[in-house]
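These are the residues of each chain, in order.
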Amino acid sequence: MTLLKRNRNPMTAFALVSLLLFAGCSASAGSSAESGSASASAEPGRSAASQAPISGGDLTYGLATSPDSLDPHVSGLDVASRVFRSIYDSLVFLTEDNQIKPWLASEWSVSPDGKRYTFKLRQDVKFHDGTPFNAEAVKKNFDRIVDPSTEASIALSYLTQYESSEVVDPYTVRFNLKKPSAAFLRNLSQPSLAIVSPTAAEKYGKQLGQHPVGTGPFRFVKWEENSEIKLERNPDYNWAPDAFDNQGKPYLDTVTFKIIPEEATRIGSLQSGQVLAIETVPAQNVAALKNDSRFTIASHDALGLPFALFINERQAPWNDLKARQALQLGIDVDAIVKTLYFGVYKRAWSPLAPGTFGYDPALENGIQSDKEKAKRLLDELGWKPGKDGIREKDGKKLTIRYVESIPNKDKKQDIAAIVQQQLKEIGVAVELHFTKDVSQVVLMDHAYELFGGGTAGLDPSALTTFYHTHGLTGWPSLSGFDDPKLDELLERGETELDDAKRLEIYQEAQHYIVDHAVTIPIYVSPSISAVSKKVENLKYDALGYLLLHDTTVRN
Amino acid sequence: MRQETALTRWIGRERIARGRKPSAARRGGTQRLLLYGAAAVVIYFLACAIVPQWLAPFPPMEMRMDRSLLPPGPSHWFGTDYYGRDLYSVVVYGSRQSLLVGIASVLAGGLSGALLGAVSGYAGGLVDAVIMRAVDVLMTVPGLLLALAVAAALGPGRWNIVLAVAVASVPGYARVMRGQILSVKVRPYVRASASIGASPSRVFWTHVLPNSLSPLYVMSTLGIGASILAGSGLSFLGLGDWNASPDWGAILSQGRGYMTVAWWISAFPGFAITAFVLSVNLYGDWLRDFLDPKKNARGK
């Protein structure tokens, strides 16, 4: 009934009344009236012709972990992005095939030197708390992200070249960059750079993560710690990107994210109908769910950097290319990926994930495991097998500390266990260090020789964070690879605006990384969800995050 | 008081009368058979722990990707896990880790608990009060939670699990030992010994201690089973040693995500835990009967 009260448009009200009247007659009559009201009757032909969507219902979705915060500027967790994607909108929208489209910004222009971006904003948008959306709000958002007291994480790494923003007129905002940045526009579509209500940000400060207020299709209702997060329809919503069939308010009444960390329980909840969709389906369960006619499996390979093992070159002998190549040849990546992920995860060949701008498919099937050659390389370096089969040199055993985090996420600890066995065959002892305190051990103490990592990203400039000697964001690079040539390539890639030239730079950088055995790419991490067939039109963006504008639930 | 004694006597008589007849039959039949079975299981797992290389058909850490997730069959009795390891061999080698945790933590926990209890009970007074209050504090924390806290503070590792389980079992041993000492030290023969001039330490070593130990034997036998369970629980939670071959709890945990795909990974280490703990408990029960003078089974 709140729905009726809030709709001031008499046509819509009429459509809803007719919906109520005909509710008992037939589903198609009722829902066509509803969809007419939703898409503002602009295309009556379309909604009548296609199967008309059903309004109402609750979408229950099982999350694998609890989000840390629903403040997009603060949280960098995938699981949090999955939730706040529905609460917040971004300035631009990135389609699944990597096209940049208008969203909260209706159009934009770039100055010839590539350092000034001017955005014209939509004028009909307002936040859930009634605050109007305008250039001032956008400026406040970006000021907030770069303000050190916000403690922004991932969001800040997308703004490495950002300098300032200014309000040109109430609905025009301009961003000034320090250097031209090819990644800037694409990164604006990231959920981490979504626009929050400046009123709420001021009111709640750091607590915004518990009281999220945005312009998105759903409003925040409540968050029960470690149990569930509930959202309800934003009845005023009328500014979805063109990529959706439904630009108006979403069809679903509510969305409930249930937090179900245990894998078996999560799958059980889906099978028993307690939730309608779940994320992070383990590879070994995919086949069974695929064969079940009640569910569909949706898998999206993440863009950005695949999961790769970084060899820490601060520790001898790994500063030597031959030693690193021995590891590169000694680890049988195919065997790891096939054994643990049953062909559900793809093997990675490059430090970039397929589909990311700049990815070079020529690297595929390049490096093949060759244990004999690996042994020869270590022999050449003077590491000879000792009595127990472990190589020694000057009385020192060839030992690697392999650091991985607790708990065992995505079977990464199992990768470590297999690597341990594989490297034993070439005479390298691997000690497994599983710790909760990865950032201390890896980033502060550098107490590792092997550490696996990867990140989702839309742009190859993500390579800079992991491979540039100084990391640009202030983090030390994971490989400790100190190479002016690679640094120069990565810096040029950041600022080059010509796509063709940029492609060339990043392809060279990828080959350089692989040829110098800086890392060993393992797998392209997909986000796999299983969805009940009762749910229709669940969509995903380029990063595999949920988009619920068109989604309907059948009973 | 008089009434109570009469009641106790009656219960005692009843128990003896009821207990004897069927128990005589049982001891000869099912019970004996069970005991032999339990002995076989315990001996088998001890052998597994001592000489696993004689009993395991494959090296436990040999990963062969071409044979991963095979169901139980003639070539792999327990099937294979997702690494392509022979699960039977992994379980055989795992018994070494599990039994080590069980026995070592009982030794450590039992000895220190007994020591605390003995000192406390025999010394009495302020010493008793201090030690027992400390033990009481330890007791307020549930055993597994205490073990979990210790393991979390010390980090993963086999010896940390031993320590964690041992610490959690100390209060139980200390309490029992203290109670035993208290009841033994006031018995007439102990007093007699003291009255003819035996020194307190002589009284303690020759009379009090030997006569206080039998419940502790029973308790520690039963404790081995409980410790293996607790140790398995901790390594199930990921607090075990990742560089050694996995113990039963760790294998169980590894198979957890595969229950619907490959039930055998979790099932067989689970059976191993059940079989061993059950056998040890049967022995504990038998030992209790055997050492209990009231049951008087020794003479018959």
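Residues numbered from 1 in each chain as written. Chains lettered and ligands numbered in written order. Predicted model: local features only at pLDDT ≥ 70, side-chain atom pairs only at ≥ 80, totals over all residues. Heavy atoms only, no water.

1. Some words on the overall build of chain B
- Scanning chain B from terminus to terminus reveals 12 helices and 0 strands.
- Ordered by position from the N terminus, the helices and strands of chain B form the series α-α-α-α-α-α-α-α-α-α-α-α.
- The buried share of chain B, reckoned over its 300 residues, is 43%.
- Of note, chain B has its 28 positive side-chain charges centred 15 Å away from the centre of its 13 negative side-chain charges. (Helix = DSSP H or I, 4+ residues; strand = E, 2+ residues; numbered from the N terminus. Buried < 20%, exposed > 50% of the residue type's maximum accessible area, 1.4 Å probe, protein only. Lys, Arg positive; Asp, Glu negative; His and termini not counted. Charge placed at Lys NZ, Arg CZ, Asp CG, Glu CD.)

2. Considerations on the nonpolar core
- Among the nonpolar cores identified, the biggest contains 80 residues, and I415, L423 and I522 of chain A together with W248 of chain B are the most heavily contacted of them.
- A per-element tally of this core places helix 12 (residues 264-291) of chain B first, with 8 residues.
- Ignoring anything within four residues of it in the chain, the contact list for W248 of chain B reads F45, V91, G94, S95, S98, L99, I228, P269, A272, I273 and F276 of chain B. (Core = buried A, V, L, I, M, F, W, Y, C linked by side-chain atoms within 4.5 Å. Contact = heavy atoms within 4.5 Å.)

3. So, the confidence of the model for chain A
Residues and elements named next belong to chain A.
- Chain-level statistics for chain A give a pLDDT mean of 86 and a share of 90% at 70 or above.
- Taken element by element, chain A is modelled with least confidence in helix 3 (residues 27-38), mean pLDDT 33, and with most confidence in strand 11 (residues 277-278), mean pLDDT 96.
- Below pLDDT 50 for its whole length, residues 1-50 participates in 33 contacts with residues either more than four positions away or in separate chains. (pLDDT = per-residue confidence, 0-100.)

4. Overview of the pattern of salt bridges
All names here are of chain A.
- Counting across every chain of the model gives 39 salt bridges over all chains.
- In this structure, K222 engages E224 in a salt bridge whose closest nitrogen and oxygen atoms are separated by 3.0 Å.
- Among the residues examined, E224 registers a relative accessible area of 36% and is labelled partly exposed.
- Salt-bridge contacts for D245 lead to K539; the nearest nitrogen and oxygen are separated by 3.9 Å. Separated by 294 residues along the polypeptide, D245 in the loop between strand 9 (228-233) and strand 10 (254-259) and K539 in strand 24 (residues 539-540) bring together distant segments of the chain.
- Residue D245 is classed as partly exposed on the basis of its relative accessible area, which comes to 41%.
- Three or more residues are tied together by salt bridges with common partners; here these are K222, E224, E228 and K258. (Salt bridge = Lys/Arg side-chain N within 4 Å of Asp/Glu carboxyl O.)

5. Thoughts on the packing of helix 2 (residues 30-50) of chain B against helix 12 of chain B
Residue and element names in this part refer to chain B.
- As a packed pair, helix 2 and helix 12 sit with axes 9 Å apart at the nearest point and diverge in direction by 125°. What the angle tells us is that helix 2 and helix 12 run oblique. The two elements helix 2 and helix 12 cross, and the hand of that crossing is left-handed. On the side of helix 2, the interface is formed by L34, L35, A38, A39, V41, V42 and F45, while helix 12 contributes A272, A275, F276, S279, V280, L282, Y283 and W286. (Axes fitted to C-alpha atoms, helices over the stretch in contact; angles between N-to-C directions. Parallel < 35°, antiparallel > 145°, perpendicular 65-115°, else oblique. Left-handed = near helix turned anticlockwise from the far one by under 90°.)

6. Topic: the interface of chain A and chain B
- Taken residue by residue, the interface counts 20 residues in chain A and 14 residues in chain B.
- Summing the contributions of chain A and of chain B, the shared interface buries around 1,600 Å²; its carbon and sulfur component is 57%.
- For the chain A face of the interface with chain B, the top three residues by lost area are Q284, T339 and Q421 of chain A, together amounting to 29%.
- Counting across the chain A and chain B interface gives 1 salt bridge.
- Here E262 of chain A ties to R256 of chain B by a salt bridge, and the two come within 3.3 Å at their closest N and O atoms.
- One can count 6 residue pairs in polar contact (both at pLDDT 80 or more) joining chain A with chain B.
- For the side of chain A that touches chain B, the secondary structure elements donating two or more residues are helix 11 (283-291), helix 13 (333-341), helix 15 (412-425) and strand 19 (429-435) of chain A.
- Classifying every residue of the side of chain A that touches chain B gives 9 nonpolar, 6 polar and 5 charged. (Buried area = accessible area lost by both parts, 1.4 Å probe. Polar contact = N/O pair within 3.5 Å; in protein donor to acceptor, adjacent residues only side chain to side chain. Nonpolar A, V, L, I, M, F, W, Y, C, P; charged D, E, K, R; others polar.)

7. Notes on a nonpolar patch on the surface
Residue and element names in this part refer to chain B.
- Among the surface-exposed residues, L46, I50, I103, L107 and L111 lie close enough to one another that they form a single nonpolar patch of about 480 Å² accessible area.
- Elements with a minimum of two residues in the nonpolar patch: helix 2 and helix 4 (87-123).
- Relative to the helices and strands, L46 is located in helix 2.
- Relative accessible area serves as the criterion here: at 34%, L46 is assigned to the partly exposed category. (Patch = residues over 30% accessible without salt bridge, like charges linked within 9 Å, V, L, I, M, F, W, Y side chains within 5 Å. Areas by Shrake-Rupley, 256 points an atom, 1.4 Å probe, with all protein chains shown as cover.)

8. Details of the confidence of the model for chain B
Residue and element names in this part refer to chain B.
- Looking at chain B, pLDDT values average 85 and 91% of them are 70 or higher.
- Mean pLDDT across the elements of chain B ranges from a minimum in helix 1 (residues 2-28), with 62, to a maximum in helix 4, with 93.
- Scoring the predicted complex yields pTM 0.78 and, for the interface, ipTM 0.72.

9. Digging into unusual backbone geometry
Residues and elements named next belong to chain A.
- Residues A316 and P317 are joined by a peptide bond in cis, for which omega reads 0°.
- Assignment of secondary structure puts P317 in the loop between strand 13 (304-311) and helix 12 (321-330).
- Backbone geometry at E151 places phi at a positive 55°, although glycine is not the residue there.
- Tracing the backbone through its elements, the reader meets E151 in the loop between helix 6 (135-146) and helix 7 (154-157).
- The phi dihedral of D394 is positive, around 50°, even though this residue is not glycine.
- Within the secondary structure, D394 sits in the loop between strand 16 (391-393) and strand 17 (396-397).
- Of the residues examined, D394 reaches a relative accessible area of 78% and is grouped as exposed.

10. Thoughts on the sheet that holds strand 19 of chain A
Residue and element names in this part refer to chain A.
- Spatially, 14-21-13-20-18-19 is the arrangement adopted by the 6 strands of the open sheet, whose pairing is mixed. If you trace the sheet from one side to the other, it starts and ends with strand 14 (346-347) and strand 19, each paired once.
- With 2 bridges joining them, strand 18 (residues 399-405) and strand 20 (residues 450-456) adopt parallel strand pairing. Among the inter-strand pairings, Y402 is bridged to a residue of strand 20, identified as L450.
- Helix-sheet contacts for helix 13 involve strand 14 and strand 21 (519-524), and the interaxial angle to strand 21 is about 30°. (Pairing = 2+ DSSP bridges.)

11. Focus: the sheet that holds strand 5 (residues 116-121) of chain A
Residues and elements named next belong to chain A.
- With antiparallel pairing, 4 strands are arranged side by side in an open sheet as 4-5-7-6. In this open sheet, the two strands that pair with only one neighbour each are strand 4 (105-110) and strand 6 (162-169). Taken over all neighbouring pairs, the strand axes of this sheet differ in orientation by 20° on average, direction set aside.
- Relative to strand 5, strand 4 is paired through 5 bridges, and the arrangement is antiparallel. Its bridge partner lying in strand 5, V110 is registered against Y117.
- The strands touched by helix 6 within the sheet are strand 5, strand 6 and strand 7 (172-177), with strand 6 carrying the most contacts at an inclination of about 165°.

12. A look at the side chain of S461 of chain A
Residue and element names in this part refer to chain A.
- Position of S461 relative to the elements: it lies in the loop between strand 20 and helix 17 (462-467).
- Within polar-contact distance, the side chain of S461 engages the side chain of D459 at 2.8 Å.
- Other than its neighbours up to four places away in sequence, S461 contacts A183, E494, R502 and Y506.

13. With respect to the side chain of Q420 of chain A
- Following the sequence through the fold, Q420 of chain A ends up in helix 15.
- At 2.9 Å, the side chain of Q420 of chain A forms a polar contact with the backbone oxygen of V430 of chain A.
- Residue contacts for Q420 of chain A: discarding those within four places in its chain leaves V430 and L432 of chain A together with W242 and N243 of chain B.

14. Details of the environment of S120 of chain B
Residue and element names in this part refer to chain B.
- Relative to the helices and strands, S120 is located in helix 4.
- Put simply, S120 and G179 are 59 residues apart on the chain and 9.7 Å apart in space, counted from C-alpha to C-alpha.
- Setting aside anything within four residues of it in sequence, one finds S120 in contact with D128, I131, M132 and R178.

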